[in-house]
Amino acid sequence: MNLKPIFTALLVSAVAISGCRKANLDVDTSSGNGSASGEVSGVWAKGSTQIIKGDIIIPAGKSLTIEEGVTVLMDTVAKPEFIVKGNLYSMGTAENPVRITVAEQYRTDAKKFGKMWGGILAAPSCAELVLDHTILEYGGNTTSDASTSVKQGLYKAVAGENLPALWFSNVNGKLIVVNSIVRNFQEDCTYIEGGKIIFANNTFYTTGVTGGEAMNFKSGCLADVGFNLVYSANTNALKLSNSGDRNPQAYIIAYNNTMVNTGWRRPSAKGGSIWLENNVHADIYNNLFANTRFGIKRDTKSTEDKRTVIGNNLYYGYDQTTVNQFQPSKDIVAGVNDIISTKAGDNDPKFVNYPESTPVLNAVFNTAWDFHLQSGSPALNHGKTDFTRHHAAGITVNGVTYVSPDPATYIGAFGTK
């Protein structure tokens, strides 16, 4: 299922400066490639390559638009942080995504968990942030006392933290992450502390060494999270929490996501698929759990909001150890109309191309895998569609209206081809 943004208006202004610039100057490379550090805004033009030599900051009140096909290369010595105090619009396409990465020679299996640049860190002054058809990879560097984020009190504002691919922190802001890929990061892919949010049609894989979620939501978030694929996150595909004491209370609607092999690589057994805690309000429907370490799991010392509703999810385990950990208990939460296997191999989702015997500790993603469903899959025709989403009417950002995708009649992120 694809999002179809409604283009109402899109005005992009350009500033005519290019090349390597010091701080406090706009950087625009509309005529070709360029390099940057310090303050940036304006436009990075279609198809260009941007060499980022040091930390970059979009100042409050300004915006940076990254057009389709732009490659942003982070210096692996400087390990830059991408700080957003204004607005960021990364506008790739299916044919020409934006890619924020490192030089090709560093994209190796030995470096599969990144740490070669920081992450995108959106300060509370960031009102709008869009990642559309954008690839974030090979980041998650560890902060030090010298890090710009630490000096400016951003993210956790302490040394020794592995940065997420994306941190967003404005409860009144708008955050859109759609059709994108986050891979090869040291820890969390996303750490979200507020906002009106759509996460849809994204893929997360090969992330987290000793911890880390694919999508981590805290208080202040009103989020629709649908049609995402998460493979082998170190911990959970989704961590849903109301921690942080921000208003509004975190309310996350998570539906039609596919989670495979998540949670097994974490040394301690905190989670493995979806984790609920600290009075989060969640609606969880139509999710497919294949060989995840656990089913939906709650923090028994700080449970979810009693209004939380769970239903129409499917659980599949290739071996009995996995199946046993799906079974409802004090901390494993079952829902209405869930399909929960009790024996190894029951309720095979019949993926088009994925060997279900793949070791659960495997972190390497094969892009040839296909998680669509074959005819006869028990995930077909068991999805729930009559529930409300936060943003069914859409969120308009920079003249583009993004709508939460409609729920599907199947379970998981993909139906038949």
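Rules of the game
- Residues numbered from 1 in each chain as written.
- Predicted model: local features only at pLDDT ≥ 70, side-chain atom pairs only at ≥ 80, totals over all residues.
- Heavy atoms only, no water.
- Helix = DSSP H or I, 4+ residues; strand = E, 2+ residues; numbered from the N terminus.
- Rg over C-alpha atoms; globule rule 2.2 N^0.38 Å.
- Contact = heavy atoms within 4.5 Å.
- Areas by Shrake-Rupley, 256 points an atom, 1.4 Å probe, with all protein chains shown as cover.
- Pairing = 2+ DSSP bridges.
- Axes fitted to C-alpha atoms, helices over the stretch in contact; angles between N-to-C directions.
- Buried < 20%, exposed > 50% of the residue type's maximum accessible area, 1.4 Å probe, protein only.
- Phe/Tyr/Trp six-rings, centres within 6.5 Å; stacked < 30°, edge-to-face > 60°.
- Salt bridge = Lys/Arg side-chain N within 4 Å of Asp/Glu carboxyl O.

An unreviewed UniProt entry lists the protein chain under the name Right handed beta helix region, from Mucilaginibacter lappiensis.

1. Side note on the overall build of the protein chain
A tally of helices and strands in the protein chain yields two helices and 35 strands. Relative to the globule expectation of 22 Å for 417 residues, the C-alpha radius of gyration of the protein chain, 20 Å, shows essentially globular dimensions. The C-alpha extent of the protein chain, read off along each of the three principal axes, is 65 × 45 × 40 Å. Across the protein chain, every contact between residues at least 6 apart in sequence was considered, and the portion connecting residues at least 24 apart equals 68%. In the structure as shown, the protein chain presents an accessible area of about 15,300 Å², 48% of it carried by carbon and sulfur atoms.

2. Side note on the sheet that holds strand β14 (residues 174-178)
Pairing within the open sheet is parallel, and its 10 strands lie in the order β3-β5-β8-β11-β14-β17-β20-β23-β26-β29. A strand with exactly one partner marks an edge of an open sheet, and here the two such strands are β3 (42-44) and β29 (309-311). The mean inter-strand angle of the sheet, taken between neighbouring strand axes irrespective of direction, is 10°. With four bridges joining them, strand β8 (residues 87-91) and strand β11 (residues 128-132) adopt parallel strand pairing. Directly across from L88, in β11, lies its bridge partner L129.

3. What to know about unusual backbone geometry
In this chain, N247 is followed by P248 through a cis amide linkage whose omega measures 5°. Notably, N261 is not glycine yet its phi reads approximately 60°, a positive angle. Positive phi values are uncommon outside glycine, yet N312 reaches one of about 60°. Mapped onto the secondary structure, N312 falls in the loop between β29 and β30 (314-316). Its relative accessible area of 12% is what places N312 among the buried residues.

4. Observations regarding the packing of aromatic side chains
Here the distance between the centres and the angle between the planes together describe a pair of aromatic rings. Counting across every chain of the model gives 20 aromatic pairs. When the centroid spacing of 5.9 Å and the interplanar angle of 90° are considered together, the rings of F227 and Y255 count as edge-to-face. Residue F227 is found in the loop between β20 (221-226) and β21 (229-233), and its partner Y255 is found in strand β23 (residues 251-255); the two are separated by 28 residues along the sequence. For the pair formed by F227 and Y255, the shared burial category is buried. Taken together, the ring pairs connect Y205, Y231, F351, Y354, F365, W369 and F371 into an aromatic cluster.

5. Here we look at the pattern of salt bridges
Any two side chains of opposite charge can pair, so long as their charged atoms come close to each other. In this structure the tally under the stated criterion is nine salt bridges. For E161, the salt bridge identified is with K156, shortest N-O distance 3.8 Å. Residue K156 is classed as partly exposed on the basis of its relative accessible area of 36%. One salt bridge in this structure joins R389 and D406, with 3.1 Å as the shortest N-O distance.

6. Overview of the side chain of T203
Relative to the assigned elements, T203 resides in strand β18 (residues 203-207). Residue T203 is classed as buried on the basis of its relative accessible area, which comes to 18%. Setting aside residues no more than four positions away along its own chain, T203 makes contact with S180, I181, V182 and L229.

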